[in-house]
Amino acid sequence: MHARGGAVFIQLMHAGRMSHPDNTPHHRQPVAPSAISADQEIFTPSGPQKAPTPRQLRAEDIQATVADFRLAAASAIAAGADGVEIHGANGYLLHQFLSPNANHRTDAYGGSMENRSRFVIELAQALAEEIGADRVGIRLSPAMPLGGIDEGDTGSVRAQYRHLVGELAKLNLAYLHLHHMGDDELLRSLRDIWPTAVLVVRYGRTREQIADDVESGLADVAPLGRFALANPDVVERLRSNAPLNEVDPSTLYGGGAAGYTDYPALAHA
Ligand SMILES: Cc1cc2nc3c(=O)[nH]c(=O)nc-3n(C[C@H](O)[C@H](O)[C@H](O)COP(=O)(O)O)c2cc1C
């Protein structure tokens, strides 16, 4: 990827309660901010299964998790990555800390919007210290209901994310990657306080819509998920208005080469 002029940011993710004993080598109960089930089915090696009720993280577990993320970030850089993206979106561990319906803690990590934000902020600070702020991006998805998350009404979501992003903005991270759920006013206000690049993704964009958020000034970069997955030469195809390969849904979450490294590039005449 470097030889072709690409930069690589590896996403670091902790599933929290969106896990299952069958998905880990140690077969232990998943952990989360509170012992509250997501009440959702998740992928496991034997097919979809209900995610069990997680064990609540103790204070020392939270510190150990930050240390795990530090090791993962340092390992990503040692492996040749240019940086890491903290996965703070889509119903996984960090999003569980942010959400009042998944986080019922009564210590410094729950109970108020400031406390619910604390784990994400401390994690970002730790990774910035570990590998440098310009090598750390973060992904957030305000109001995304995935994984049984309910962040409350629009006013609560806005207050939570304006506080969180305001604190993260002080760190001068490489970028902020936002999933747009329809609250343009919130995203514009986050963009206004963010000092570096902003990426905005929306689910289900057509190729004609990809550049919209960059053209409107909301974003600096248009992230691509499925188009990039299915097209090894996606940039060239978009530039030349060539047809795009479609994602084959039957190969998603598979773990092998099929649907991962075997989509064809354009045949050159
Ligand atoms: C099979 C699949 C796996 C995904 N895995 C992740 C993931 O690990 N982390 C993440 O932040 N988003 C993940 N997403 C969401 C995508 O990053 C992206 O936000 C979404 O697909 C919408 O963008 P698109 O329309 O360009 O694909 C995944 C999406 C799909 C379809």
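Our subject is the structure that appears above.
Residues numbered from 1 in each chain as written. Predicted model: local features only at pLDDT ≥ 70, side-chain atom pairs only at ≥ 80, totals over all residues.

Asks: Would you mind going over helix α1 (residues 59-78) with me for this structure?
Replies: Three- or four-residue spacings in an α-helix give side chains the same orientation, since the helix completes a turn every 3.6 residues. Taking 1.5 Å per residue, 20 residues should reach 28 Å; α1 reaches 29 Å between its end C-alpha atoms and fits that length. For α1, the complete set of buried residues consists of Ile62, Phe69, Ala73 and Ala76. Around the axis of α1, the buried residues are gathered within 65° of arc, so they sit on the same side. Facing away from the buried side of α1, by more than 90 degrees, are the exposed residues Glu60, Asp61, Ala64, Ala67, Asp68, Leu71 and Ala78. Contact partners of the buried residues in α1: β1 (9-12), β6 (83-88) and α3 (113-131). Gly80 sits one or two residues past α1 and shows a positive phi near 110°. (Helix = DSSP H or I, 4+ residues; strand = E, 2+ residues; numbered from the N terminus. Expected span 1.5 Å × (residues − 1). Buried ≥ 20, exposed ≤ 12 C-beta atoms within 10 Å, placed from the backbone. Arc of directions from axis to C-beta. Contact = placed C-beta atoms within 7 Å.)

Asks: What exactly am I supposed to notice about unusual backbone geometry here?
Replies: Leave glycine aside and you will find that most residues have negative phi; peptide bonds, for their part, are mostly trans. Unlike most non-glycine residues, His27 shows phi in positive territory, near 55°. Structurally, His27 is set in the loop between β1 and β2 (31-32). Although it is not a glycine, Asn241 adopts a positive phi angle of roughly 55°. Tracing the backbone through its elements, the reader meets Asn241 in the segment after α8 (234-239).

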